[in-house]
Structure formats: C-alpha cells, structure tokens
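Examination of the molecular architecture
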Amino acid sequence: MARFPVNAKSSILSAATSLLLLTTAVEPAAAVTCPTNGEYDFIVVGGGTAGLAVASRLSSGLPDKCILVLEAGVDAENEPKINIPGLKGSTLSTTYDWNLTTVPQPNANNRVWAQARGRVLGGSSALNLMTWDRASTYEYDTWEKKLGLTGWNWNTFIRAMLKVETFFPSSNYGSTGVGSTGPIQSLVNRFIPAQQETWIPTMNNLGIASNLESLGGNPLGVMYQPSNIRNSDYRRSYSAYNPGYPSVAIDNLEIKTSVRVAKINLVKYHGKLASTGVTLTDGTVFNASAEVIVSAGAFQSPQLLEVSGIGGKSVLTAAGIPVLYDLPGVGENLQDHIRIQSSYQLLDNYTSFDILRHNATYAAEQMALYNQNEVSLYDYTGSGYSFMTWKQALGNDTTLRSLAVTASTKNLTNSPFEPIRKKILLDYLTNKAVPQVEVIFSDGYTGVKGYPAVGNPLRGIGTFSLIASIQHPFSVGSVHATSANISVNPSINPNYFAQEYDLQATIFTAKYLRKIANTYPMKQIWSAEYEPGTTVVPEGDDAAWKNYVLNNALTIFHPAGTCAMNSEALHGVVNKNLKVHGTHNLRVVDASVIPVLMGAHIQTAVYGIAEIAAEKIIEEWGC
C-alpha cells in the first residue's frame, strides 16, 4: 500500500496513482523496529478498550509497520483500585477518570449527570465493573439487514468477540458463546455471597427461566455471568494488562502515556481529506504515513474530529473552528442506557460487601486472603443478572408499547437517521428475542442516598442492591466541541427522559425491583427497604415513584453512537470500513461507531469492533 509523504502537503501520495493501489507481495514482511523521530505508519489516538486492541492486532498482523498509541492518561499497571475486583468503582471521580458531566437535563429536574470515562492506559476497561455479556443475535444482524452495513452481523461479531477472550469453565456456565485463546480472561466469579443464592430461584418464581449460556446470542433469562478477571491471581483483565492486548503485540508497537492529541493534521488530496498525523497539546507533531485511527471514546472521538475541522458546519462555526469537511452526523446520535436502583437491609445473619466500608479489621483480613490468592470478599464483582422483554418482566406491556409508538412520532433531532433508528427500536420492542430491561443483583449498597454515615444508627448494616437498566431508550442526544481547544470539555447532552417512554419504562422498572425483593425466597433475607424506602415511596403512590426516578436515575455509562457507522446521507460518520466520510485514511474505532445501542453492556462489542477493524486494516495494508 502506498504511503502518505507527510512532508509534502501539496503532493500527497505523489508516488502512487491512488490511495487504494496495492503492492504485490513476494514474501512475508519482516518485522521492523520503530523509529524515534516521530515518523510512524499508524497512529492510534487513545489507549483504551478499542485503541489498545486494534493497535496490538495491527502490530502482530503488520510486522513491517510501525504503530504508535497515544494515551492521555497514565500507565497504572499496579494500581490496586483498578486491579482488585472488590475495589471496582473506587476509581470513578479520581485522576483516572475524565470526570465529564452533562449539561443540566431539563427532563430530569435539571440534574447534571456524571459521565465517567477512563483517563488511564486501558481506558474505561480499567474503570468499568467488569460485566462480560453480549446482546441478542437479532440486534447484531440488524446492522447488516436494516442498515445495509454488509459484513456487520452476528456471525462476524461473534467470531471477533471470541478472539478477544479466554474463558475459564464454570459449573455456573455452559460452553456456548465463550472463547479460549484471547488476551482478555473471563470467568464466573468464585465468590457468591449466601444472599445472592436467592437470586436465580427468585427470578424463576417470577417466571424468568434460567439461562446458563447467555453469551451465545440469546441473553434472555436469569443467570450468573462472567467478569473479566485473570484466573491465576484474580486481577482485573483489561485491554492494558493481565494479560491485556499488548501481550499479543511485537516490538513495532510503541505506547506513549500522559500525552494528549490536540488535533488531527489534515490536508486536501484528490477531493478528500488525508490525515498526515497528529499534533499534541504541547505542539509536538507525530506523522503517520498510512492512517490515523481515532479511539478516544463516544465523547472525545467526535470532539477530536470537530476540533480538527470535521463536523457539522454550524457546530464548528459556533466553536470558532475552520470547516474542513461538513459532516453533520459528528457528535449526534448519542445514546445511553438509563439505570435505576433500590437497596434492602439484610438480616443480621448475612455478611454483606458493606462490611468492608465500616470494619477495618475485617477488611484487612479479607485483603490478606486476597493477596494470598485465597477466596475473599475482595474477589466479588457481582454475577447475578437477568435480561427480559417487557412482557416477561411486567406481564402486560401494552402501555409501554403505546408510549413507544408515540415516541416514534416525536423527533428530537432533524437527522434523517432518527426515524430509522426509532423504527428499529419499535421492531426490537415486538421481537421476543430482544431484551428490553436488565436487572443485576449486587451485594452491598449502590445508590444515590448513600450508605449510612458515621454517627447514623444504621451505620454497620448489611445491604444488597437491585440495579436495573433500560436497554433501548428512545431519547437521543449529542456531544459537541464548544472550543477549538481540545482541553475544553465537550458539551454533553444525552437528553435523558426527553421521551416519555423512557421515563415510564424506568418507573415501571423501579416498581419491578420492589416486586423482586418481595418475592420468595429473596423476601426472607431482608428486614427493610433502605432505598427508596416505603416512607419515601409508599406502595401505589405513582407520583412518589416518578419523583424518585427523576431524582435517582443514573447512567450505567454506556454512551455510544456519536460517530455512527452509516451512510453519509443518513448522517453517518464512518462507512462500513470505519473510515470517516470525506477522508482517505482516517478511521474511528470505538463505541462511538455503534449506530443503535444494543441490549447489553457494550464492553465485549467494543472489543469485537476493534478486532474487526484490525482485520480490515490488515487486509488493506498487508503485503
């Protein structure tokens, strides 16, 4: 493949007749050692979930090319808060988090919602709660069948996702839908608290069938699901470490941390833009003779495109950014999962994860067990899940179906894709194979009210939480740069609850959590509803339920869709090969390319997208 001569803006690819001209291979390419003079073949912006995955696969698949990864965060290989499963969540709102927030959400009492994103090598795979699952076969197939994205279907996705993982067998899981050779290790947690043993039989009693092979394309049912944990020492296994994607790379991969890209360097060539490299915030320039790959995530990938001159003309003009290519879909189509939660005070004969909050002696004993690789409370990630259709969860889904039809007629954006997206959501709603709501059993307290503080007579109680997530909300929002300076955070507006369907679905779900807790055998393990509590939300008080949801709903941190894979006519940002429309050699590879949010946590899909992207790039540039 011909390269871009980065030192000659006026004669890009002067040695080639076309960007797509392939050279003839006569023998396998020899591995190279990367230079230190700022000249590379591929530059990947973002060393997160997707970025390290695609870069590492390119390293091994293109041994004669030099690949550079630029990560704004630090390398935190030995950070206990990242590595120890039981410390999950403790990195949020720290130096490892971008600490982004939304604009006030008018349909959620003008609350500003936190938007956690990983600012560390490994990105959000270093911060997330290690859920390892997949959506339904039907949802992956929709990309190809309904959107015309040839090659993006369940068969392609599952093949790619299986390359990601090495699953360690468990009596709590079957054999379908799990991989055996990948750099990310997964397993069903060895620590299941006694109170969680009520989870599956309780859901069974509510008519939800057990599903011990939920990663194989049918996620419906109640189950124990894997977490991405290394089997040998119970450390988080994520894109950076344990063992992580760099373990499959060779010496032609270079990773730089604590460096931020200010813009992508772009020049005109044959009617399109060509990326020649990137400029850092300190003015340093790194050149890329082949491609620049943006893997900065659903908020910052569109921001980087915009500050570089690619985006909607009105957005760029308002931010004082020269327009290099008018691409109105950049930063639009923001979708996210909404969550609501409740918590319950356990009977005294149960030991809860909460004990680590208030009993330092017990916590130290458990940490000692963890450090000796013995079973410990610090192993815990939560493995009790259920995915359901509305009919399965509620019995009668007539009201939500009616609200969904109403939502399909209410446009929140002028994008030509929006009617198509809502039609897909309506299709999902009537499909018996597509989940609409997720419920998680999580030992210990999770919520907005907060665990009882020192001095509170309830301090020291044990609790468990039920966390629910709406899988296919109709609301859609945007994220945009407001300045040419990349250091100015983008304006994030997910438009939470802009559609009445989303609000009512969350209210129904909050009520359902109480129903679960009051079903045998779970109802036998607790004494009082801690949050919301029956005094705050009396049974049958719909106004109180609505108020609770408006003040306590949160995101489950699955933003997607802001550089959507779609045709340019439908306001897509990248094509089916993940190349940005209007460019020769600029790609986006991360959650932002997901066109329609799926009914699952998005981690395995993002890894899968990176694997597919690497295959496409290797095919194009390999000799």
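Computed from a predicted model, the values in this text were never measured in an experiment.

Describing the overall build of the protein
Secondary structure assignment for the protein yields 15 helices and 22 strands. Taken over C-alpha atoms, the radius of gyration comes to 24 Å for the protein, in line with the 25 Å a tight globule of 623 residues would show. For the C-alpha atoms alone, the extent of the protein along its principal axes is close to 75 × 55 × 45 Å. Within the protein, the proportion of its 623 residues that are buried is 62%. Contacts spanning at least 24 positions in sequence make up 74% of the contacts within the protein whose residues lie at least 6 apart.

A word on the pairing of strand β9 (residues 261–269)
Of all nine residues in β9, seven are buried; the element is thus mostly enclosed. Where β9 and strand β10 (residues 272–280) come together, eight bridges link them in antiparallel fashion. Each bridged residue has a counterpart across the sheet, and for Asn265 the counterpart in β10 is Gly277. As consecutive antiparallel partners, β9 and β10 are separated by two residues, and within that stretch His270 has a phi angle of approximately 50°, a positive value.

Topic: the environment of Gly47
As for its placement among the helices and strands, Gly47 is situated in the loop between β1 (39–45) and α1 (49–61). The sequence separation of Gly47 and Ala72 amounts to 25 residues, and the corresponding C-alpha distance is 8.0 Å. Excluding residues that lie within four positions of it along the chain, Gly47 makes contacts with Leu52, Val69, Leu70, Glu71, Val120, Leu121, Gly122 and Gly123.

Some remarks on the packing of helix α11 (residues 398–409) against helix α12 (residues 418–430)
To characterise two packed helices, one gives the angle between the axes of the helices and the distance between these axes. It is at 9 Å that the axes of α11 and α12 come closest, and there the two elements cross at 170°. Between α11 and α12, the interaxial angle falls into the category roughly antiparallel. Two secondary-structure elements touch here, α11 through Leu400, Arg401, Ala404, Val405, Ala407, Ser408 and Thr409 and α12 through Lys422, Leu426, Leu429 and Thr430. Taken together, the residues of the contact of α11 with α12 sort by class into six nonpolar, three polar and two charged.

Some thoughts on the side chain of Ser415
Secondary-structure assignment places Ser415 in the loop between α11 and α12. Excluding anything up to four places from it in sequence, Ser415 contacts Leu570 and His571.

Concerning the nonpolar core
Membership of the largest hydrophobic core comes to 174 residues, with the highest contact counts inside it found for Val54, Trp199, Leu305, Ile310, Leu466, Tyr501 and Ile516. If you tally residues by element for this core, the top one is helix α15 (residues 603–621), at ten residues. When near neighbours in sequence (up to four residues on either side) are disregarded, Val54 contacts Val44, Ile293, Ser295, Val589, Ala610, Ala613, Ala614 and Ile617. Counting seven residues, the second largest nonpolar core, distinct from the first, contains Ala72, Leu100, Phe299 and Val479.

Focus: the side chain of Asp502
Along the chain, Asp502 falls in helix α13 (residues 500–517). Beyond its immediate stretch of four places on either side in the chain, Asp502 contacts Ile338, Pro473, Phe474, Ser475 and Phe497.

Points about the pairing of strand β16 (residues 437–443)
The buried fraction of β16 is high, at seven of seven residues. Covered by surrounding structure in β16 are Val437, Val439, Phe441 and Asp443 together with Glu438, Ile440 and Ser442, the residues of both alternating faces. Inspection of the sheet shows strand β15 (residues 384–388) paired to β16 by five bridges, in the antiparallel sense. Its bridge partner lying in β16, Phe387 is registered against Glu438. With seven bridges connecting them, β16 and strand β17 (residues 463–470) associate as antiparallel partners. For Phe441, the partnering residue across the bridge sits in β17 and is Leu466.

As for the pattern of salt bridges
Taken as a whole and judged by the stated rule, the model has 19 salt bridges. A salt bridge links Glu254 to Lys256, with the nearest nitrogen and oxygen atoms 2.9 Å apart. Taking the relative accessible area as the measure of exposure, Lys256 reaches 26% and is therefore partly exposed.

A few points about the confidence of the model for the protein
The predicted model of the protein has a mean per-residue pLDDT of 94, with 95% of residues at 70 or higher. Here residues 1–28 is a poorly scored stretch, pLDDT under 50, and it has 52 contacts once near neighbours within four places are set aside; other chains count.

Observations regarding unusual backbone geometry
A cis amide bond, omega 0°, links Tyr520 with the succeeding residue Pro521. Here Pro521 is to be found in the loop between α13 and β20 (526–531). Backbone geometry at Asn495 places phi at a positive 60°, although glycine is not the residue there. Along the chain, Asn495 turns up in the loop between β19 (491–493) and α13. The class of Asn495 is buried, set by a relative accessible area of 17%.

Some words on the environment of Met223
Relative to the helices and strands, Met223 is located in strand β7 (residues 221–224). In the structure, Met223 is positioned 14 residues away from Ala209 in sequence and 8.8 Å away in space, judged by C-alpha atoms. For Met223, the contacting residues outside a window of four places in its chain are Trp199, Ile200, Asn211, Ser214, Ser383, Gly384, Tyr385, Ser386 and Phe387.

Concerning the environment of Gly123
Checked against the element boundaries, Gly123 lands in the loop between β4 (114–115) and α3 (137–147). Given the relative accessible area of 4%, Gly123 is considered buried. C-alpha separation for the pair Gly123 and Val574, spaced 451 residues apart in sequence, amounts to 22 Å. Gly123 has contacts with Gly47, Gly48 and Gly118, leaving out every residue within four places of it along the chain.

Some thoughts on α13
Spanning 18 residues, α13 covers 26 Å between terminal C-alpha atoms, matching the ideal 26 Å at 1.5 Å per step. Burial analysis of α13 places 13 of its 18 residues in the buried class, which makes it a mostly covered element.

Here's the deal with the packing of α13 against helix α14 (residues 542–552)
For the pair α13 and α14, interaxial distance at closest approach is 9 Å and the crossing angle is 105°. As far as their axial angle goes, α14 and α13 are roughly perpendicular. Across the interface between the two elements, Leu503, Thr506, Ile507, Ala510, Lys511 and Arg514 of α13 pack against Asp542, Trp545, Lys546, Val549 and Leu550 of α14. Class assignment for the residues of the contact of α13 with α14 results in six nonpolar, one polar and four charged.

Regarding the packing of aromatic side chains
Aromatic ring pairs: the centre-centre distance and the angle between the two ring planes describe each pair. Across all of its chains, the model carries 23 aromatic pairs by this definition. Ring geometry for Trp143 versus Phe157: centroids 5.1 Å apart, planes at 90°, classification edge-to-face. Taken together, the positions of Trp143 in helix α3 and Phe157 in helix α4 (residues 154–164) put the pair 14 residues apart, joining distant regions of the chain. For the residue pair Trp143 and Phe157, the accessibility class agrees, reading buried in each case. Measuring from ring centre to ring centre gives 5.1 Å for Phe441 and Phe464, while their planes differ by 10°; the resulting arrangement is stacked.

Scoring rules and cut-offs
- Residues numbered from 1 in each chain as written.
- Predicted model: local features only at pLDDT ≥ 70, side-chain atom pairs only at ≥ 80, totals over all residues.
- Heavy atoms only, no water.
- Helix = DSSP H or I, 4+ residues; strand = E, 2+ residues; numbered from the N terminus.
- Rg over C-alpha atoms; globule rule 2.2 N^0.38 Å.
- Buried < 20%, exposed > 50% of the residue type's maximum accessible area, 1.4 Å probe, protein only.
- Contact = heavy atoms within 4.5 Å.
- Pairing = 2+ DSSP bridges.
- Axes fitted to C-alpha atoms, helices over the stretch in contact; angles between N-to-C directions.
- Parallel < 35°, antiparallel > 145°, perpendicular 65-115°, else oblique.
- Nonpolar A, V, L, I, M, F, W, Y, C, P; charged D, E, K, R; others polar.
- Core = buried A, V, L, I, M, F, W, Y, C linked by side-chain atoms within 4.5 Å.
- Salt bridge = Lys/Arg side-chain N within 4 Å of Asp/Glu carboxyl O.
- pLDDT = per-residue confidence, 0-100.
- Expected span 1.5 Å × (residues − 1).
- Phe/Tyr/Trp six-rings, centres within 6.5 Å; stacked < 30°, edge-to-face > 60°.

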